[in-house]
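Secondary and tertiary structure notes
Single-letter residue listing:
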Amino acid sequence: MDGDGISSATPTEEMNGSGNLMDFLDEPFPDVGTYEDFHTIDWLREKSRDTDRHRKITSKSKESIWEFIKSLLDAWSGWVVMLLIGLLSGTLAGVIDLAVDWMTDLKEGICLSALWYSHEQCCWTSNETTFDDRDKCPEWLKWAELMTGHSEGAGAYLLNYFLYILWALFFSFLAVSLVRVFAPYACGSGIPEIKTILSGFIIRGYLGKWTLLIKTVTLVLAVSSGLSLGKEGPLVHVACCCGNLFCSLFSKYSKNEGKRREVLSAAAAAGVSVAFGAPIGGVLFSLEEVSYYFPLKTLWRSFFAALVAAFTLRSINPFGNNRLVLFYVEYHTPWYMAELVPFILLGVFGGLWGTLFIRANIAWCRRRKTTQLGKYPVLEVIVVTGITAILAYPNPYTRRSTSELISELFNDCGALESSQLCDYYNNPNMTRPVDDIPDRPAGPGVYTALWQLALALIFKIVITIFTFGMKIPSGLFIPSMAVGAIAGRIVGIAVEQMAYHHHDWIIFKNWCRPGADCVTPGLYAMVGAAACLGGVTRMTVSLVVIMFELTGGLEYIVPLMAAAVTSKWVADAFGKEGIYEAHIQLNGYPYLDQDEFTHRTLATDVMRPRRSEPPLAVLTQDSTTVEDVETLIKDTDYNGFPVVVSRESERLIGFVQRRDLTLAIKNARQKQDGVVSNSVVYFTEDAPQLAPNNPQPLKLRRILNLSPFTVTDHTPMETVVDIFRKLGLRQCLVTRPLPLHSLLIH
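Residues numbered from 1 in each chain as written. Predicted model: local features only at pLDDT ≥ 70, side-chain atom pairs only at ≥ 80, totals over all residues. Heavy atoms only, no water.

Strands in a sheet are paired, the pairing made by backbone hydrogen bonds, and the direction either parallel or antiparallel. On the basis of which strands lie adjacent, the open sheet formed by four strands has the order E3-E5-E6-E9 and mixed pairing. Both outer strands of the open sheet, strand E3 (619-620) and strand E9 (704-705), are each paired with one neighbouring strand and no more. Sheet topology note: the E3/strand E5 (residues 640-644) ladder contains two bridges and is parallel. Opposite Leu 619, over in E5, you have Val 643 as the bridge partner. Running over the sheet, helix H27 (residues 658-671) touches E3, E5 and strand E6 (652-657) and is turned about 75° from E6. (Pairing = 2+ DSSP bridges. Helix = DSSP H or I, 4+ residues; strand = E, 2+ residues; numbered from the N terminus. Contact = heavy atoms within 4.5 Å. Axes fitted to C-alpha atoms, helices over the stretch in contact; angles between N-to-C directions.)

It is worth spelling out the packing of aromatic side chains at this point. Any pair of aromatic rings gets described here by the distance separating the centres and the angle formed by the planes. Tallying each qualifying case throughout the model produces 23 aromatic pairs. For the ring pair Tyr 185 and Tyr 206, a centre distance of 5.2 Å and an interplane angle of 55° mean the geometry is tilted. Separated by 21 residues along the polypeptide, Tyr 185 in the loop between helix H6 (154-182) and helix H7 (191-198) and Tyr 206 in the loop between H7 and helix H8 (209-224) bring together distant segments of the chain. Taking the relative accessible area as the measure of exposure, Tyr 206 reaches 3% and is therefore buried. Site record: aromatic cluster; members linked through ring pairs are Trp 143, Trp 167, Phe 170 and Phe 171. Over the aromatic face of Trp 79 sits the side chain of Arg 301, whose NZ or CZ is 5.4 Å from the ring centroid. Sitting over the ring of Tyr 393, Arg 399 keeps its end group 4.1 Å from the ring centre. (Phe/Tyr/Trp six-rings, centres within 6.5 Å; stacked < 30°, edge-to-face > 60°. Buried < 20%, exposed > 50% of the residue type's maximum accessible area, 1.4 Å probe, protein only. Lys NZ or Arg CZ within 6 Å of the ring centre and 35° of its normal.)

This paragraph deals with helix H3 (residues 65-106). A turn of α-helix holds 3.6 residues, and therefore any two residues three or four places apart point the same way. Its 42 residues give H3 an end-to-end C-alpha distance of 60 Å, which sits within 8% of 62 Å, the value for a rise of 1.5 Å per residue. At Trp 76, H3 shows its largest kink, close to 40°. (Expected span 1.5 Å × (residues − 1). Bend = angle between axes of the 7 residues up to and from the residue.)

Okay, the sheet that holds strand E8 (residues 698-699) next. With mixed pairing, three strands are arranged side by side in an open sheet as E4-E7-E8. The strands lining the two open edges of the sheet, one partner per strand, are strand E4 (624-625) and E8. Strand direction decides the pairing type here: E4 and strand E7 (residues 680-682), joined by two bridges, are antiparallel. The residue of E7 that forms the bridge with Thr 624 is Val 681.

Across the eight residues of H7, eight count as buried, placing the element largely inside the fold. Burial in H7 covers these residues: Ile 191, Pro 192, Glu 193, Ile 194, Lys 195, Thr 196, Ile 197 and Leu 198. Two residues or fewer after H7 comes Gly 200, characterised by a positive phi angle close to 120°.

The biggest cluster of nonpolar side chains holds 136 residues, and the ones touching the most others in it are Phe 276, Phe 285, Phe 410, Ile 472, Met 481 and Met 547. Here Phe 285 is in contact with Ile 191, Val 236, Val 272, Val 290, Phe 477, Met 539, Ser 542 and Ile 546, once residues within four sequence places are set aside. Counting 20 residues, the second-largest nonpolar core is a separate cluster that includes Leu 619, Leu 632, Phe 641 and Ile 665. (Core = buried A, V, L, I, M, F, W, Y, C linked by side-chain atoms within 4.5 Å.)

Worth remembering: the numbers are spatial, not functional.
Laid out in structure tokens, this is it:
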């Protein structure tokens, strides 16, 4: 680069530089090239360091058999890490599922034959359980029956009610206390922070061992307390903690933040794989929703990690149905084209619900951050849990766990179903197969269930707004799906009854004959769940794949796609941000989203310093003293400094990171004799000509980036933003040809 113009480098030259971009092979100072907390990594530098490391291993592998074996181990280390992540995240998910089942039922009663059995497991093992009363068995006692000997009556109901609230308060208090004392980062869903970390931001401790342990324990407590939250989002955080844990075992990943993020992307896929029993959906979720940099190699490894995690969970069999998922359904009738209208209407509802939820939740979270409310996280959790438990217990659809509720709403009404939702009037002369029951008029149980579901819908919509974002682990997938599933089931029953009573209407005449099984209300619940989840998160492709893996409803991809796309269109009309992007913005994390840059500005309009501000802080290549450097570091808070030939010329030589500079000078003062405050710091190959009585100079060329990324001052900002996104730059230098000044974009 000279004063007359600027020579540009191709991406390959940018990475490799002339000979060696960063000259990091010998690591002259400890911790040089690392990053401080709450700073952004330099993707180009990390890529360069990995290229240099790989080149060194390849060249040494030809020297001896041992070096060749080491190179093979290095090549296989990625697959070993994926295997370990899959095994641990699958095991933890299985343990969490089993513990949640047991502790959720503990709020209502206990199994006398084996205290560690949930209600369902207890009655499975009983020899006295009848088919009609499959939920009742002598071994399972509610608390009132255990304490007073009475299972019926107002006194027993009130005692059960009181103990339900007491258990819920105890679980939530324990969860928020553990989070507050041992691992503050274990709260929330974790996905906004995972997205930020994968984009290159450093949040130390967020994926640490303590966070993993406390999040696993408190997730069980939070879900068991009956709050309107799910475990699926936090399981992504748990899996990423597992990934970070195993990264520390291999220097290839522990010493390179860019490589570490490849592992974390695969871990996120494993997390969704075990959360929903959807390995392919997990890979697509990581690609579509959380990952910033997702090369093809990471795709294969994510697939492997998700496969191992799903296999491990299946081996544990936490749901006792020999399947990966709780919501597996089998519908016996196809869907018809006319049904696309209610499916699209459910998509509209999902988009509107997503918009309402995001705006209301962000407003509440902002209020929490800016008022006294944020100072009392324990009290907030206790109050919300108390209100949730008091309002949830009287309604059977809100009293049970949200996962069980969704499972019941998805179910098709067969001849053997005993649910209120399946209380239809049967035709005594019916001789059709059991699996092909025609549409029937709704009985009193269905109408009772409908108004209870309507109340549950209002309750879930309101309480979820206040629950998400509290200082406990809280996922959003399951509550969003519950809202959609309730709305979908109500719509499905309405369409079913219309088709039965008005089968001669033109919309039903062509496809719904009297006595036929035309409408499946459970399918509407499934479509509604997808629509609401899509409206909140703005997922599309991964959402549809997760839903059909979750339910086994491969035939119903088109209704799911129609609802998902409609909900995204409707929600995007009110704002482009999903809930995770909104929380990233609320917390002030530095995340560069993929939306188009619409402002018509140039680099010169955005660069720092502005024309009215003091000149840019720079270092000269061979005339700055140690004291000058230390003063500059003390008086400024920049992440790095351009190095120029001299104050007069200001021709750009390179760029040096603030942390590297601080560590290098500190290390030199401790270990290098003769380095004092007035020692000259130089970044050239040869030492400058100094007077004989001058102290020993300090050479810092090793920490100098000789090929920083530069643009001219007339480069459009949309191009600059695109460069930041695609190359993952930490900073970009702006140069002007005549005279040449270097300025800095942060």
